[in-house]
Structures are given as structure tokens and as C-alpha cells.
Amino acid sequence: MTTQEHYHVSDRDNYFGYKSFEVGSFGFTRDEYFAHITWPKGSHIMSIDAFLRALMRDVAWGFFYGTVNFDAVFGTTNRYGTVEMFAGTYNEAYKNAGCETLETFHSEELLKIFKEMVTDWTNEGYDPFAAPAETAMAWGKKNGSNDDAVSRARVTAKRMVGVAGDAARRSDESGFPVNRMFADVPQDEPVVEAEPGFENEVAAFNLYAYLSRSDVTWNPSVCSVVHESLFCPTSEEFILPVEHGNDRVEWFVQLSDAIIWDVKDKETGRARARVTMRAGDVAAMPADIRHQGFAPKRAMLLVWENASLKIPELIQKGEAPIVPVKF
Ligand code: PHB
Ligand code: FE
């Protein structure tokens, strides 16, 4: 495996005002409405709002688990230390036509240039993490920036939200008002009555209240940790900006409202299932699919991940299952 070392950021285009980027043999430019991606065997175009929403997730999640498909053509696959950037590799038609390209990068270097891209291409008031109804538009010529929004750190609790010294609960005072769609969510907190001497060992918090105050969408945050087992709840509205290609099983618990999932084959993109999850439903996403969620109304979802670095390799070797249960 050779790692690409070519990175170049151009000066601002003197018409649209945006920087252009060369990353390996891929090229990236933006105009008022679109991101344009080129590679030696092809080219691609994406609506700039959709591109920035996907890029923002890829950056904030450090390339996530497995594959982050920005759409049916372009994306990245995390190899944990290195990352592959591809066009057409997981698209049956592109592959059959021989138009696909995949290149490998050092994760930190690709992350750095992706960060510069999302920072430069985001205009004042546009928040790629926000629901469409809660942000200004992405369109137009270069007009200011929104560095606070694009440099948000993802919450990653060490043990659990609310534990002393760990990720804090959210409140009006800390800048997290209750979202307009969760005005009916009770905000009371559990009362913890610990035995003397165990005050630092027992903790509880109202997860619904916590999620009702999320200012972002489609951004699972680590709220509790037991060894490799991570509870990553998130608030969702509109469309998951990526088609996530799993490299392990993950569980979804629908905590409120409803999400409709499109499930496709991970390698080819062929349609495989449509899953409608309503409050209380639980589903496991297998390790050989990609999925994209649609939330007609703001919804709370618990994503349960096993973060073990060994799983992708065990699955590849056939030593770990791609589904958690067989009926
Ligand atoms: C997922 O890919 O499993 C995923 C990502 C982001 C979310 C929810 C689910 O907000
Ligand atoms: Fe996923």
C-alpha cells in the first residue's frame, strides 16, 4: 500500500472567492451551488449543502467506523491510522465501467486538509450540523465564515455524562436551550441517594432532557462507556448526511418519534431494505450494509457501538459474525 503525499491548497478563486484543493490525484472546487470533485478517471458534482454536511461529519468523527459515503459515488473508509478516499469504488456501475479510483492517506494529513476545506467553504451563518430550518443557507460566493460551528468538538464522555469531571449535562446557562421540537420533554433530573462513602460512585442523568437540548443533528456523542461498549445517543432531523457503510454490527434504539432507514449493500449500493423505526423499536444494522436515515420530525436515537479495533479484522477473516443474532 502506497500512501499519497500530494496536498495542495490554491489561493482563492477571484470570482467565487473559495480555495481549491488537490488531495492525491483528487481535485475539489466549489462554486455558488456545488462541490466539484475530479479524479483521473472521472468527475462528480454534489450540492454544496449536502457536501458540507457530509464533510463536517467525516471531520468531526475522525472518519468514523468503516465507510462514510458522502453519496453513491464519493467517500472515505477508515483503516484506523490510514484512510482511503474513493470515487466509484462502492458503486456497481462505476466499477463495471472501470471509472473508480481509491487512494490511501495518513489519517491526520487528510483530516487536516478536510478541516481546511470545511472551514473555507462554510459561509457566515451556515451550520453544517444544524437542521435545515435552523441554519442560514450554504449558497453563494465566499461570504464570511462560521468557525465556531465547524470546529465543534464532539462530546466524548470518559464514563458518563454528568459524572464529576466528565462531560457536563446541558442547560440554558451553558448555552443549550431546549429545542423547539422537544418543548414537551420533562426536564427533571433523577434524585440520587447514595450510601455514605459512595457519593462519587453513583450517578444518573435524564438522557431525554440532555438530548432535547442538543444544538446539532446526526452527531452521535459518546454519553456512557463500559469498556468497548459505547452508548452514542443523538438527535436527528431531516437526512443523515452520509450513507454509513458499517465495518461492524451496530444497534439502534429509537428513543422518540420515528426514523426511516434506507439499507443498501455495502459493496455495490444495491437496495436491500427499508426499515421504519418508531419509538421503542430496536434494530441491529449488519456489518455488510450501508444505511441512511430520514427523520421527518426531530427524533432521538441511541446508537450503540462496540469500538473494539479488533472487530473489522475478525469480520474480514470470518471469525466474527456480520449479524448479532440469527433467527
Ligand atoms: C450511523 O451511521 O449509524 C449513524 C450516524 C449518525 C447518526 C446516526 C447513525 O446520527
Ligand atoms: Fe451506522
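Let me begin by describing the structure that accompanies this report. Computed from a predicted model, the values in this text were never measured in an experiment. (Residues numbered from 1 in each chain as written. Chains lettered and ligands numbered in written order. Predicted model: local features only at pLDDT ≥ 70, side-chain atom pairs only at ≥ 80, totals over all residues. Heavy atoms only, no water.)

## Some details on the pattern of salt bridges
Where we set the bar: A pair is scored as a salt bridge if a Lys or Arg side-chain nitrogen falls within 4 Å of a carboxyl oxygen belonging to Asp or Glu. By the criteria applied, helices consist of DSSP H or I runs no shorter than four residues and strands consist of E runs no shorter than two, each listed in order from the N terminus. Only protein chains enter the area calculation, which uses a 1.4 Å probe; residues under 20% of their type maximum are buried, those over 50% are exposed, and those in between are partly exposed.
A complete count under the given rule lists 21 salt bridges for this structure. Notably, a salt bridge pairs Arg12 with Asp120, separated by 2.6 Å at the nearest N-O pair. Here the residue Arg12 occupies a position in the loop between β1 (7-9) and β2 (21-23), and Asp120 occupies one in helix α3 (residues 107-121), the gap between them amounting to 108 residues. When its relative accessible area of 43% is taken as the criterion, Arg12 is described as partly exposed. Looking at Asp120, the relative accessible area reads 4%, which means it is buried. Arg272 serves as the salt-bridge partner of Asp288, at 3.3 Å between the closest nitrogen and oxygen. Here Asp288 is found in the loop between β16 (282-285) and β17 (289-306), whereas its partner Arg272 is found in strand β15 (residues 271-278), with 16 residues between them in sequence.

## Observations concerning helix α1 (residues 48-60)
To keep it simple, the criterion reads: To estimate how far a helix should extend, the number of its residues minus one is multiplied by 1.5 Å.
The end-to-end C-alpha distance of α1 is 18 Å, a good match for the 18 Å that 13 residues give at a rise of 1.5 Å each. By the criterion of burial, α1 is predominantly enclosed, with eleven of the 13 residues buried. Along α1, the positions that sit buried rather than exposed are Ile48, Asp49, Phe51, Leu52, Arg53, Ala54, Leu55, Met56, Arg57, Asp58 and Val59. Just downstream of α1, Gly62 is the residue with a positive phi angle, here 55°.

## With respect to the nonpolar core
Condition: Remark: nonpolar core denotes a set of buried residues (Ala, Val, Leu, Ile, Met, Phe, Trp, Tyr, Cys) joined through side-chain atoms within 4.5 Å. Contact criterion: two residues are considered in contact whenever any of their non-hydrogen atoms come within 4.5 Å of each other.
Within the largest apolar cluster, 58 residues are counted, with the highest numbers of intra-cluster contacts made by Phe28, Phe51, Trp121 and Trp261. If we skip the residues at most four places from it in the chain, Phe51 touches Phe28, Ala35, Ile37, Met46, Phe70, Phe74, Met117 and Trp121. Counting 14 residues, the second largest nonpolar core, distinct from the first, contains Val161, Val185, Cys223 and Met300.

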